Amino acid sequence: MNSSIQKIYQLAGKTERLIIGLMSGTSLDGLDVALCRFKGSGSSTEVEVLNFETVSFNENFKKEVRSVFSKEMVNLEKLTLLNPWIALQHANIVNSLLRKWNIKNADVDLIASHGQSIYHAPKSLHQQDQFGNATLQIGDGDHLAMATGIITLSDFRQKHIAAGGEGAPLALYADYFLFSNENENRILLNIGGIANFTFLPEKNNPTKVMCTDVGPGNTMMDAYMQEQFPGKYFDKDSVIAKQGTVNNELLTELKRHPFFEQSFPKTTGPELFNLGYLQRAKEKSDTHSIPVYDTMATLNRFTADIIVSGIKKNIPVEGPIKIFSSGGGIHNSLLMQQIKAQLPAAAFYTTAELKIDPDAKEAVLFAVLANECVCGNNTIYPEGLIKVSMGKISLPE
């Protein structure tokens, strides 16, 4: 028997496993690396984040990825070259951090790599009858496994699509396993490039559990900042947005897209919500000449409003409910202020309250999926959750 296959077999019987979760989002801030200790699987999963760090990408990395990111037309040679190259950059980061943390590569059981999203194409967006849902993440798992010497699981979203899903959001799996609570209604709100939330009802009622994207999180605000303020990648401390005034004509037009009328759950990406979307909304609302600060204020309010609208359309917020936030958007003070103002009945926390660093949560999510793929057995899933083991396995030999 191949020694790596034997190791995978033995992993299922271990009482504890060390898994590294890797996440690189659409903002390209950097690679989130979470070293996690796991016990159990499914609803019995226990996870402890031993180490976490976000390693910033250099300008060359960002430039190369942006040359193919979220574009309908790309250089096919560049896309092909980037697939292994990104994996090797990630491997260098993993190897460096393990040395820093004084942990041997051989002591890590698995790497769970989300890869770098390049294009997300649910059928609701591309609307081509002969094709179904599709998505593309690059950063080849074989190269990552070979360069680190660690068994690697990658390309998680493909299995979800193959089983009938849209490939996103996948947060429900980890949220349901880790954060369900018998005694309270919980919302796990993640504000990354795209905003999504998971609803976990009290008494663990599986018929009411849901997870959905709601629309843009940081993606449009970040893109506009990068266009208008070269060298700045996001609106730190909401400094720009706070100096502006919301333009109601533009705000109304931003909310007018058919996506917002589609039933839940649903998924989307920066392929729809981007600077082109903003430009078209300005044309239709005749708001080309409004100040940059007003545009940022309006984009900030737009994100807040669509998050609140998504929650109100799906969740009975009149009763006691706790919202645990994560993702880069939680550091946008104006955005969080506007969300809280529109949901006065909710109590707000971050996932730190649940012992998961809010910046590490997505990396931990993929570590959970890897743990479930290798060690899950007879897991009970809520209705509507696709029952599949996700992740392609790459061996380091």
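In this text, all values refer to a predicted model and were calculated from it rather than measured experimentally. As a convention, each chain's residues are numbered from 1 in the sequence order in which they are written. Local features are withheld for residues below a pLDDT of 70 in this predicted model, meaning they are given only at 70 or higher, and side-chain atom pairs are given and counted only at 80 or more; totals for whole chains, interfaces and linings count all residues. Water and hydrogen atoms play no part in the side-chain values, which are based on all heavy atoms of the structure.

1. Focus: the overall build of the protein
- Looking only at helices and strands, the protein features 14 helices and twelve strands.
- The reference for a compact globule is 2.2 Å times residues^0.38; the radius of gyration itself is calculated from the C-alpha atoms. Scaling as 2.2 N^0.38, a compact globule of 397 residues should have a C-alpha radius of gyration of about 21 Å, and the protein matches this with 21 Å.
- Here the term buried applies to any residue with accessible area under 20% of the maximum for its type, exposed to any over 50%, and partly exposed to those in between, with areas from a 1.4 Å probe on protein chains only. Counting the 397 residues in the protein, one finds 54% classified as buried.
- Here, residues are in contact when the closest pair of their heavy atoms is within 4.5 Å. For the protein, the share of sequence-separated contacts (at least 6 apart) that also reach a separation of at least 24 residues comes to 69%.
- Each accessible area is a Shrake-Rupley result for a 1.4 Å probe, and residues are judged covered by the shown protein chains and nothing else. Put simply, the protein shows about 17500 Å² of open surface, and 48% of that area lies on carbon and sulfur atoms.
- Neither His nor the chain ends contribute to the count of charged residues, in which Lys and Arg are positive and Asp and Glu negative. Lys charges are placed at NZ, Arg charges at CZ, Asp charges at CG and Glu charges at CD. When the 37 basic and 42 acidic side-chain charges of the protein are each reduced to a single mean position, those positions are 2 Å apart. What counts as a helix is a DSSP run of H or I of at least four residues, what counts as a strand is a run of E of at least two, and both are numbered from the N terminus.

2. Considerations on the packing of aromatic side chains
- Only Phe, Tyr and Trp rings are paired, with Trp represented by its six-membered ring, and only when their centres lie within 6.5 Å; those with planes under 30 degrees apart are stacked, over 60 edge-to-face, the remainder tilted. According to the stated counting rule, one finds ten aromatic pairs in the structure shown.
- Taking the centre distance of 5.6 Å and the plane angle of 80° together, the rings of Phe259 and Phe273 count as edge-to-face. With Phe259 in the loop between helix H10 (248-254) and helix H11 (275-285) and Phe273 in the loop between H10 and H11, this pair connects stretches of sequence that are 14 residues apart.
- Look at Phe260 and Phe273: their rings are 5.6 Å apart centre to centre, the planes differ by 40°, and that puts the pair in the tilted class. Of the two residues, Phe260 sits in the loop between H10 and H11 while Phe273 sits in the loop between H10 and H11, which places them 13 residues apart along the sequence. The pair Phe260 / Phe273 is uniform in exposure class, with both members buried.

3. Thoughts on the nonpolar core
- The nonpolar core is taken to be a set of buried Ala, Val, Leu, Ile, Met, Phe, Trp, Tyr and Cys residues, with the residues joined through side-chain atoms within 4.5 Å. Counting residues in each nonpolar core, the largest one holds 44 residues, and the members touching the most others are Ile187, Leu254, Phe302, Ile307 and Ile339.
- Broken down by element, the residue count for this core peaks at eight residues, all from helix H12 (residues 292-314).
- For Ile187, the residues in contact, after removing those within four places along its chain, are Phe197, Thr198, Phe199, Ile311, Ile315, Ile321, Lys322, Ile323 and Phe324.
- Grouped together as the second largest cluster of nonpolar side chains are 43 residues, Leu153, Ala171, Phe177 and Phe324 included.

4. Topic: empty space enclosed by the protein
- Cavities and pockets are defined on a 1 Å grid built over the protein atoms alone: a cavity is a set of grid points where a 1.4 Å probe fits but cannot escape, while a pocket is an open set with protein on both sides within 12 Å along at least five of seven lines, and lining residues are those with an atom within 4 Å of any such point. Grid points are joined across faces, edges and corners, and a volume is the space filled by probe spheres set on the points. Taken as a whole and judged by the stated rule, the model has one cavity of 30 Å³ or more.
- Approximately 60 Å³ is the volume attributed to the largest cavity.
- Lining the largest cavity are Tyr173, Phe177, Val368, Leu369, Glu372, Cys373, Tyr381, Val388, Ser389 and Met390.
- When contributions to the lining of the largest cavity are tallied by element, the ones reaching two or more residues are helix H7 (171-179) and helix H14 (361-375).
- In terms of residues, the lining of the largest cavity owes the most to one element, H14, which gives four residues.
- Residue composition of the lining of the largest cavity, grouped by class: eight nonpolar, one polar and one charged. In this classification, Asp, Glu, Lys and Arg are treated as charged, Ala, Val, Leu, Ile, Met, Phe, Trp, Tyr, Cys and Pro as nonpolar, and every other residue, Gly included, as polar.

5. Side note on the packing of H7 against H14
- Between the N-to-C directions of two axes lies an angle of 0 to 180 degrees, each axis being a line fitted to C-alpha atoms and, for a helix, fitted only over the stretch in contact. One way to put it is that H7 packs onto H14 with a least axis distance of 9 Å and a crossing angle of 85°. One element, H7, and the other, H14, form an angle in the roughly perpendicular class. Facing Ala171, Tyr173, Ala174, Asp175, Phe177, Leu178 and Phe179 of H7, the residues of H14 in contact are Lys361, Val364, Leu365, Val368, Leu369 and Glu372.
- Per-class residue counts for the contact of H7 with H14 are ten nonpolar, no polar and three charged. Should an angle lie under 35 degrees it is considered roughly parallel, over 145 roughly antiparallel, and from 65 to 115 roughly perpendicular; all remaining angles are considered oblique.

6. Considering the layout of surface pockets
- Approximately 470 Å³ is the volume attributed to the second largest pocket.
- As for the second largest pocket, its lining consists of 18 residues, of which Phe69, Ser70, Thr219, Ala223 and Asn274 are closest to the centre.
- Ranked by residue count, the leading element in the lining of the second largest pocket is helix H8 (residues 219-228), at four residues.

7. Overview of the packing of helix H2 (residues 59-66) against helix H3 (residues 76-100)
- Remark: H2 packs on H3, axes separated minimally by 10 Å, with the N-to-C direction vectors making an angle of 145°. Our pair here, H2 against H3, has a crossing hand that is left-handed. Counted together, Asn60, Phe61, Glu64 and Val65 of H2 and Lys78, Leu82, Trp85, Ile86, Gln89 and His90 of H3 form the full contact between these two elements. Crossing chirality is assigned from the near helix's rotation relative to the far helix, an anticlockwise turn below a right angle marking it left-handed and a clockwise turn marking it right-handed.

8. Thoughts on the pattern of salt bridges
- Counted as salt bridges are all cases of a side-chain nitrogen of Lys or Arg within 4 Å of a carboxyl oxygen of Asp or Glu. Enumeration according to the criterion identifies 14 salt bridges in this entry.
- Lys392 serves as the salt-bridge partner of Asp155, at 2.8 Å between the closest nitrogen and oxygen. Taken together, the positions of Asp155 in the loop between strand S6 (152-154) and helix H6 (156-162) and Lys392 in strand S12 (residues 392-394) put the pair 237 residues apart, joining distant regions of the chain.
- Of the charged contacts in the structure, one is a salt bridge between Arg301 and Asp305, with a shortest N-O distance of 2.9 Å. Here Arg301 and its partner Asp305 are both found in helix H12, four residues apart, which amounts to about one turn of the helix.
- Its relative accessible area of 29% is what places Arg301 among the partly exposed residues.
- Accessibility expressed as a relative area gives 8% for Asp305, which makes it buried.
- Here the salt bridges share partners, and the residues they tie into one network are Glu16, Arg37, Lys39 and Glu48.

9. Here we look at the side chain of Glu372
- Looking at the element boundaries, Glu372 is found in helix H14.
- Within the buried core, Glu372 has no salt-bridge partner, and the shortest N-O distance to an opposite charge, that of Arg17, equals 7.9 Å.
- When residues no more than four places from it in sequence are discounted, the contact partners of Glu372 are Ser41, Gly42, Thr45, Phe177, Thr379, Tyr381 and Ser389.

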